[in-house]
Amino acid sequence: MTTTPTLTWDAASARRIDRQFLAAPAPDGTPVADVVAAMRGAHAQVLSAAELSAGLRGSATTRADVRAALWEDRSLVKTYGPRGTVHLLPTHELPLWCAALSAVPRGSNGLPRGARLTEEQEEQVVAAIGESLDGACLTMDELHEAVMARTGPWAGELVMPAFQGMWPRWRQVLHRAGWAGSLCFGPNRGRKVTYTRPPGTDGVRGVADTGGDEALRGFVHRYLHAYGPATPAHFARWLAAPADWATELFARLAADGGIEEVGFEGARGWWVAAGDTEFPQAPAGRGLRLLPYFDAYVIAAQPRERLFPGAAYRRALAGGQAGNHPVLLADGVVAGVWHQRRGGRRTRITVEPLGRLTARQTRELGEQVERVGEVMETTAELVVGPVSVGPHA
């Protein structure tokens, strides 16, 4: 009879932090793309936050290095990732991401029935986007004209509520075009965002040739390697996928021997990749870290009430949603919030700890603030005190 391993929060937290390059920075010479791969993508709705997430995990990485990986050697790609949000992803893993994300069942469409695209229209728009961006780098207005020329007037009808008006119908599948490998972000043209085809991909055809089930298997393994143990519900939340679908997926993988169950803090139903059951016996990653908005570790590590203990749950979460506040991490748990305000070549970083800092922690905080300045190529000044701005400010 097999004995189910039983894990503690300290052991799980220590392994996650180590694999995230938060216990110690990635060795010198580690490509930025490998760091982002270990994170399972860097949230990049605000690109400077993604640059900081990746940069802080290296010993000497700066935002210039992240930008070079993104726009020069193209080892990173900025596209739509988990939850349909903008991420930096490693280019060499893009086929896996595209195949897996395309295989995730979609939730309900919140638009009125008359505003939605039919399945046939969705496929037509995604194909039109890929054709339009083949060898091109287009602004949204230019892409709109190109898509319209390849589809019809129905695609351009203004039916999607937007920030200051309405968007055309075809834009409701922009993220699907990213998942199909037909679209990614290009370098800005002045203040305008551009879109292009990801490097080294064949768009829709390349994704169609990759089996969704096999991609999902590899996808779950990578997720559990970085953030396990985890439950199917946690995986579903990370992807914004249906919970019952995730439960069925984990059951299939367990039946095939691809994942195995472990006990966690006295509970069952937590999973790791098969054979990946070694965890540190002593806590690792002790010390302070500053993590920016929507850092991958803050979003994915579970259970959230252990990551945000006590006052941190009230102060650092916005309605229970992680990522809206940059956080101070102490010994693997959230212990404060922070905010940066840049002026020219200097940045003032205000840190609000939720408890008294020891002399050692105060020194570490100063070092972390200095490192943030190095990554962002500015001179950083530390202020310890209340953070007065709201979430995502």
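The structure this text deals with has already been given above.
Below: a short report on this structure. Everything quoted here is computed from the prediction, not taken from an experiment.

About the thresholds
Residues numbered from 1 in each chain as written. Predicted model: local features only at pLDDT ≥ 70, side-chain atom pairs only at ≥ 80, totals over all residues. Heavy atoms only, no water. Axes fitted to C-alpha atoms, helices over the stretch in contact; angles between N-to-C directions. Helix = DSSP H or I, 4+ residues; strand = E, 2+ residues; numbered from the N terminus. Parallel < 35°, antiparallel > 145°, perpendicular 65-115°, else oblique. Contact = heavy atoms within 4.5 Å. Pairing = 2+ DSSP bridges. Buried < 20%, exposed > 50% of the residue type's maximum accessible area, 1.4 Å probe, protein only. Salt bridge = Lys/Arg side-chain N within 4 Å of Asp/Glu carboxyl O. Core = buried A, V, L, I, M, F, W, Y, C linked by side-chain atoms within 4.5 Å. Polar contact = N/O pair within 3.5 Å; in protein donor to acceptor, adjacent residues only side chain to side chain. Phe/Tyr/Trp six-rings, centres within 6.5 Å; stacked < 30°, edge-to-face > 60°. Lys NZ or Arg CZ within 6 Å of the ring centre and 35° of its normal.

What about the packing of helix H3 (residues 47-55) against helix H4 (residues 63-71)?
Piece 1. Interhelical geometry of H3 versus H4 gives an angle of 105 degrees and a closest axis separation of 9 Å. The orientation of H3 relative to H4 falls into the category roughly perpendicular. For the pair H3 and H4, contact is made by Leu47, Glu51 and Ala54 and by Arg63, Val66, Arg67 and Leu70, respectively.

Here we look at the sheet that holds strand S2 (residues 42-43)
Piece 1. Strand order in the open sheet formed by 3 strands is S2-S4-S3, with antiparallel pairing between adjacent strands. Two strands close off the open sheet at either side, each with one partner strand: S2 and strand S3 (76-80).
Piece 2. Pairing of S2 with strand S4 (residues 86-90) involves 2 bridges; the strand directions are antiparallel. Note on S4: the bridge partner recorded for Ala42 is Leu88.
Piece 3. Running over the sheet, helix H5 (residues 94-103) touches S3 and S4 and is turned about 135 degrees from S4.

Side note on helix H1 (residues 9-19)
Spacing of three or four residues puts side chains on the same side of an α-helix, whose turn is 3.6 residues.
Piece 1. Of all 11 residues in H1, 8 are buried, a share of seventy percent or more.
Piece 2. Within H1 the residues assigned to the buried category are Trp9, Ala11, Ala12, Ser13, Ala14, Arg15, Arg16 and Ile17.
Piece 3. Following H1 by one or two positions, Phe21 adopts a phi angle in the positive range, close to 60 degrees.

Focus on the pattern of salt bridges
Piece 1. With the rule as written, the count across this model stands at 19 salt bridges.
Piece 2. Across the pair Arg19 and Asp276 runs a salt bridge whose closest N-O atoms are separated by 2.9 Å. Taken together, the residues span a long stretch of sequence, with Arg19 in helix H1 and Asp276 in the loop between strand S11 (267-273) and strand S12 (288-291) at a distance of 257 residues.
Piece 3. Among the residues examined, Asp276 registers a relative accessible area of 15% and is labelled buried.
Piece 4. Measuring nitrogen to oxygen at the nearest pair gives 2.5 Å for the salt bridge that ties Arg176 to Glu122. One end of the pair, Arg176, is in helix H8 (residues 174-179); the other, Glu122, is in helix H6 (residues 119-133), and 54 residues separate them in sequence.
Piece 5. Residue Glu122 is classed as buried on the basis of its relative accessible area, which comes to 8%.
Piece 6. Connected via shared salt-bridge partners are Arg106, Glu122, Glu123 and Arg176.

Quick look at the nonpolar core
Taken as a class, soluble globular proteins show a tendency for nonpolar side chains to be buried jointly.
Piece 1. Counting residues in hydrophobic clusters, the biggest one holds 107 residues, and the most contacted among them are Phe235 and Phe308.
Piece 2. Of all the elements, helix H10 (residues 212-227) adds the most residues to this core, at 8 residues.
Piece 3. Leaving out residues up to four positions away in the same chain, Phe308 has contacts with Val298, Tyr313, Ala316, Leu317, Ala322, Val327 and Val334.
Piece 4. Counting residues in each nonpolar core, the second largest holds 14 residues, with Leu56, Leu288, Leu328 and Trp338 among its members.

Notes on the side chain of Glu122
Piece 1. A polar contact is formed between the side chain of Glu122 and the side chain of Arg106, at a distance of 2.6 Å.
Piece 2. Setting aside chain neighbours within four positions, we find Glu122 in contact with Arg106, Leu117, Val173 and Arg176.

Structural notes on the packing of aromatic side chains
Piece 1. Enumeration over the complete set of coordinates arrives at 14 aromatic pairs.
Piece 2. Judged by centre distance (6.4 Å) and plane angle (25 degrees), the rings of Phe235 and Trp245 are stacked. With a gap of 10 residues between them, Phe235 in helix H11 (residues 232-239) and Trp245 in helix H12 (residues 243-255) connect regions that are remote in the sequence. Here Phe235 matches Trp245 in class, with each residue buried.
Piece 3. By the ring-pair criterion, three or more aromatic residues cluster together here, those being Trp97, Phe219, Tyr223, Tyr227, Phe235, Trp238, Trp245 and Phe250.
Piece 4. Over the ring of Phe279 we find Arg15; its NZ or CZ atom is 3.7 Å from the centre of that ring.

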